[in-house]
Amino acid sequence: MGLERTGGVLGLFTHRLAFGVLFLRAVAVLPVLTEGKTMKYQTYEEGSPDTVIGNLAKDMSLSHLGAKTNFRMMKQFNSSVITLRESDGQLTIGERIDREKMCKHTLQCLIAFDVVSFSKEQFKLIHVEVEIKDINDNPPEFPSKESTLEIFENTAVGSRIPLDVAVDEDVGSNYIQSYQISVNSHFTIDVLNRADGVKYAELVLMKELDRETQSSYVLELVATDGGSPSRSGTTTIRIKVKDYNDNSPTFDQNNFSVELLEDAPVGFLLLDLNAVDPDEGSNGEVVYGFGNQVSAEIRQLFKVDRKSGRLTLESPIDFETKKTYELDVQAHDLGPNPIPSICKVIIHVKDVNDNAPEISITPMTSITAGIAYITEAAAKDSFVALISTSDRDSGANGQVHCTLYGHDHFKLQQAYEDSYMIVTTAPLDREKIAEYNLTVVAEDLGSPPFKTITQYTVRLSDENDNAPVFSKPVYEVSVVENNAPGAYITTVVARDLDLGHNAKVSYRLSETYIGGSPASTFVSLDPATGSLYALRSFNYEVMKQLEIRVQASDGGSPQLHSSAVINLKIVDQNDNAPAITQPALTNGSAEVLLPKNTPSGYIVTQIKADDVDEGVNGELTYKLLKEETALFSINRATGDIYLNREVSFDVNESLKVSVTVSDNGRPSLTSTATVFFTVVAGAPPSDRSAAKHKNHEMLQWDMSIVIIVVLAGSCSLLLLAIILIATTCNRHKRDKSGGDFQDKLDLKNLESGKSSHNGSNVFDGPPYTSKASFSNTPKMERGVCSGSEDGSEATCVYEPDTRIRGAKLEGYSTLPGYGKEAVRPITIWKGNSYTTISARDPQFSGKDSGKGDSDFNDSDSDISGDGTKKDFHSALWACTSECKILGHSDRCWSPSAIRSSANPPQGQHLSTFAKTASLPRDTVRRENYYQAHIPKTVGLQSVYEKVLRTDFDFVLVPPPPPERPDNMNEMTIPAFAPPASHK
């Protein structure tokens, strides 16, 4: 099996997993890659196995450096042909090498591969070329042992006849060097070289033939190589002399040389051969064909048309397989005893850029195919993988340029003509980037260029460069005293960012002492999980806190460590009952002398007790058990026992009192003592002070009870504030919705024609016949009234100060609305009565034409028809200003009566009617109303102007009292009778 350095793709060398891991560890601290070197060796084929070819360590003088150097083969074409000893780089033959199979017909047979030598001092890439020398192990061989030739007796002297070509698999001097023919009188041979270097012999006629004299010849042709010793091959040639043939075909020329592009399509015409025979008939008809010596390979690639002589391409050719073809084309006629003519054609194949570059990547270390491994501890310019490129084309078409894409942590460095190295450009960190996906692009220099893209993965192997890290440096842990031995305390956790064995964390207690004893006698630590357990029962009164230091170690080599501190606090438990220390007890009792003349409130003795517990567990409370005489009391905090009244007992009489001392733990522990008071004569000692407060006991409040009381009080205050705010807001809303009126309209008085305005009846007349629907009742802030000249009629215009929204009077329903907004009633004065209608009454519209012309141009502002609407316009605007105010025509009192063509001052609308609605206009019913007859006065003009300048929700206008139809749903209000002073 052959391999050229610029030829085929070399296979990837894959190590076993165990070796890969060891190798990664070995090269973990390698320095940068140094400049490569080429080592050339020679060996002969057919050498016996284990034959030494060379020793890299000795030949490169690496053994004198003192440091141990290891070698590794990067390109492994065939692991059994040449082997490498990794300890010293010795190259040996692995198995028999057959050069003819490995490098067929190639003058130089090379086995090229790369070797990496690495040590602590250096890291080299060595290019090794082993040339396989040929030995003369193949003799020349002819295609057949015997061949027959036919020659016409009139063949001209000097004519050449091609002979079979001998084949020799050896090359160089071991190839065929000469041909020899047996001795004869008519023939000789001429040895020639073909364009592809093959030697062949042609038979040359030296003397005219005479068939009648000798009709056949037997010759022996011998081919001899140049080996030592030489080898030869022999064939027998039988020549038959045939009868005379007058003419033979003649080619235009005897030799042709053509060029053929290797990408030429099948059927491509190479030559159009032409041979001419002057004879007539069948003797002059020429046919073409290949010569007898043309090989089967040529016959498969090319074709000669038998009749036309056209030489065409039969099958695709490849410049990289063979560059030159030499063949013989013969032509002969169809007459009897034809004499063929031979034309030699040499075909030169021209290279075309039809092959894309080939990429072979051999990693420095590979556990998985297609993935290169490199340690994250590799330094800058460390070698990662070797890239070999090749292109079967020649010249510029075979020159390859290689580029690396993917990440700036790697780059390409050219090692040799067609080899590149992937090297690192910066320190690597697997914990940040564990894997790189690189893209290798190889492009030739042909036109157009061919490009090959290969994806490659570089994976970082882990180094033990990260120590375990605890989740926190200090663990605050507590355990209740009196725990059971072996009780679980806590678990410490440490993480290691490394992988595999380097990330396996184990825990242990540091060698620390607590109270003179090792920490390991107090607690135990699970080395795998980090769980901490108690080895003994802790006593808070003896030891209140332990400081334990824990160490975490990874599984790397060397190991990395980190530590953390566990502050183990012992939590007090109410496990100690109070101990009474005063008075001194004997078998749980004590005797105290009580003078008979002791006054009330005098402290007769004090009970003292100690509790070794702390906090609430050590807070003591003193109590007296139920006593029949009720002579004594005790201070619950201090334990002072004092008299409630004077002593009335006799001398030497004994009083028994039981005292309990309790702590505030849960559950509470209690100690009891019995005190015997013996009454003695005399006065009490003067050094004891009497209690200032009789029958008073200090209350010892529990802190939890205090907190609960405070929270309950705060919540109550908050609830009270919320209720107060809600009540205030609700009252404010009611006041606002009802209007800030000083007086409310009395519906009952209104129905009876009375009013509370100014404390007197304003209207006087018959009661209402029916109730009108109100949604709001306005407060009459002030009224402006004017009487007519005869005093029979009066007109009042009432001006509200505020708008009323949402107030609903009892007994009156609101009209239907179209939304959440309260329905506004519209109250107008007609004659001697009020008429209240809704602003959303279906008889009138709230639409606006959008032209700024108010209601008169609304699509439905007039329900009486177009003609009435037109008449209404002309009649309305014919009225004077007083007419519009005083009501000379009821048509003047349309609340939306604002001229569309006029430009009234901004904000001077009579009422919200002009903005929202038009009153119904019924021409039939209007005939039943009286016309108002009120004189023009300056006072009413001022009232009108005042009305125009005020924004109303309601406009109350009193027209003259008309005849009221029965079917009108109205409220009747009597006309106002002005006082005599206004007449």
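What you are looking at is a predicted structure, and each value in this text was computed from that prediction instead of being measured.

> Help me get a handle on the overall build of the protein chain, residues and values and all.
Within the protein chain, the regular secondary structure consists of 11 helices and 55 strands. Residues counted as buried form 45% of the 983 residues belonging to the protein chain. Surface summary for the protein chain: the accessible area is close to 51,300 Å², and the carbon and sulfur share equals 51%.

> Pulling in residues and values, what's your account of the pattern of salt bridges?
It is possible for side chains of opposite charge to pair when their charged atoms get near one another. The final tally for this structure, using the stated rule, is 18 salt bridges. Close ionic contact of Arg238 with Glu146 constitutes a salt bridge, the shortest N to O distance being 2.6 Å. In this pair, Arg238 is assigned in strand S14 (residues 232-242) and Glu146 in strand S8 (residues 146-152), connecting sequence segments 92 residues apart. Taking the relative accessible area as the measure of exposure, Glu146 reaches 43% and is therefore partly exposed. A network of salt bridges, in which partner residues are shared, links Arg160, Asp190 and Glu202.

> Could you give an account of the sheet that holds strand S23 (residues 341-350), with specific residues and numbers?
The strand order across the open sheet built from 4 strands is S16-S23-S22-S19, with neighbouring strands paired in mixed fashion. Strand pairing shows two members of the sheet lacking a second neighbour, strand S16 (255-261) and strand S19 (286-290), which therefore form its edges. Across the sheet, the axes of successive neighbouring strands diverge by a mean angle of 25°, strand direction being ignored. Both S16 and S23 contribute to a ladder of 7 bridges, which runs parallel. Paired with Leu260 across the bridge in S23 is Val349.

> I'd like a description of the pairing of strand S28 (residues 410-414), backed by residues and values.
One ladder, built from 5 bridges, connects S28 with strand S29 (residues 419-424); its direction is antiparallel. Along S29, the bridge assignment pairs Phe410 with Thr424. A loop of 4 residues connects S28 with S29, the two strands running antiparallel in sequence.

> Before we move on, can you summarise the environment of Val492 with the specific residues and values?
Note on placement: Val492 falls in the loop between strand S34 (488-491) and strand S35 (494-495). Between the C-alpha atom of Val492 and that of Gly530, which follows or precedes it by 38 residues, the distance is 5.1 Å. Beyond its immediate sequence surroundings of up to four residues, Val492 is in contact with Phe470, Tyr475, Tyr507, Leu525, Thr529, Gly530, Val550 and Ile566.

> Account for the environment of Asn587, with residues named and values stated.
Counting through the fold element by element, Asn587 comes out in the loop between strand S43 (579-582) and strand S44 (589-595). When the C-alpha positions of Asn587 and Thr674 are compared, they lie 9.4 Å apart, and in sequence the two are 87 residues distant.

> Please provide a residue-by-residue account of the nonpolar core, values included.
Core analysis: the largest hydrophobic core is formed by 29 residues, its most contacted members being Phe302, Leu311, Leu327, Val345 and Ile347. Leave out the neighbours within four places in its chain, and Leu327 touches Phe290, Val294, Ile298, Phe302, Cys343, Lys344, Val345 and Ile347. Counting 27 residues, the second largest nonpolar core, distinct from the first, contains Ala519, Leu525, Phe538 and Tyr540.

> Give a description of the state of the cysteines that names residues and reports values.
Scanning all chains against the criterion turns up 1 disulfide. With a sulfur-sulfur separation of 1.9 Å, Cys103 is cross-linked through a disulfide to Cys109. Measuring the twist about the S-S bond at about 55°, one finds the Cys103-Cys109 disulfide to be right-handed. The exposure class of Cys109 is buried, given its relative accessible area of 0%.

> Now, about the confidence of the model for the protein chain: what can you tell me, with residues and values included?
The share of residues in the protein chain with pLDDT of 70 or more is 68%, and the mean pLDDT across the chain is 75. For the stretch residues 888-944, pLDDT sits under 50, and the model shows 144 contacts to residues farther than four places along the chain or on other chains. Scored below 50 in pLDDT, residues 963-973 shows 37 contacts in the model against residues more than four places distant or in partner chains.

> Provide a residue-level description of the packing of aromatic side chains, including the pertinent values.
Tallied over the full model, the rule gives 8 aromatic pairs. Both rings, one in Phe470 and one in Tyr507, keep their centres 6.3 Å apart while their planes meet at 55°; by these two values the pair is tilted. A residue pair is termed long-range when its members are at least 10 positions apart, and Phe470 in strand S32 (residues 469-470) and Tyr507 in strand S36 (residues 506-509) qualify at 37 residues. On the accessibility criterion, Phe470 (10% relative accessible area) is buried. For the cation-ring pair, Lys323 lies above Phe319, with the distance from its terminal atom to the ring centre recorded as 5.0 Å. Positioned above the aromatic ring of Tyr540, the side-chain terminus of Lys544 is 5.0 Å from the ring centre.

> So, unusual backbone geometry: which residues are in play, and what are the values?
A cis amide bond links Gln582 with the next residue in sequence, Pro583, at an omega value of -5°. Topologically, Pro583 is positioned in the loop between S43 and S44. Along the chain, Arg666 connects to Pro667 via a cis peptide bond; the corresponding omega equals 0°. Looking at the element boundaries, Pro667 is found in the loop between strand S50 (654-663) and strand S51 (670-680). Not every positive phi belongs to a glycine, and Asn587 is a case in point at roughly 55°. Judged by relative accessible area, Asn587 falls into the exposed class, the value being 80%.

Cut-offs and rules
- Residues numbered from 1 in each chain as written.
- Predicted model: local features only at pLDDT ≥ 70, side-chain atom pairs only at ≥ 80, totals over all residues.
- Heavy atoms only, no water.
- Helix = DSSP H or I, 4+ residues; strand = E, 2+ residues; numbered from the N terminus.
- Buried < 20%, exposed > 50% of the residue type's maximum accessible area, 1.4 Å probe, protein only.
- Areas by Shrake-Rupley, 256 points an atom, 1.4 Å probe, with all protein chains shown as cover.
- Salt bridge = Lys/Arg side-chain N within 4 Å of Asp/Glu carboxyl O.
- Pairing = 2+ DSSP bridges.
- Axes fitted to C-alpha atoms, helices over the stretch in contact; angles between N-to-C directions.
- Contact = heavy atoms within 4.5 Å.
- Core = buried A, V, L, I, M, F, W, Y, C linked by side-chain atoms within 4.5 Å.
- Disulfide = S-S within 2.5 Å.
- pLDDT = per-residue confidence, 0-100.
- Phe/Tyr/Trp six-rings, centres within 6.5 Å; stacked < 30°, edge-to-face > 60°.
- Lys NZ or Arg CZ within 6 Å of the ring centre and 35° of its normal.

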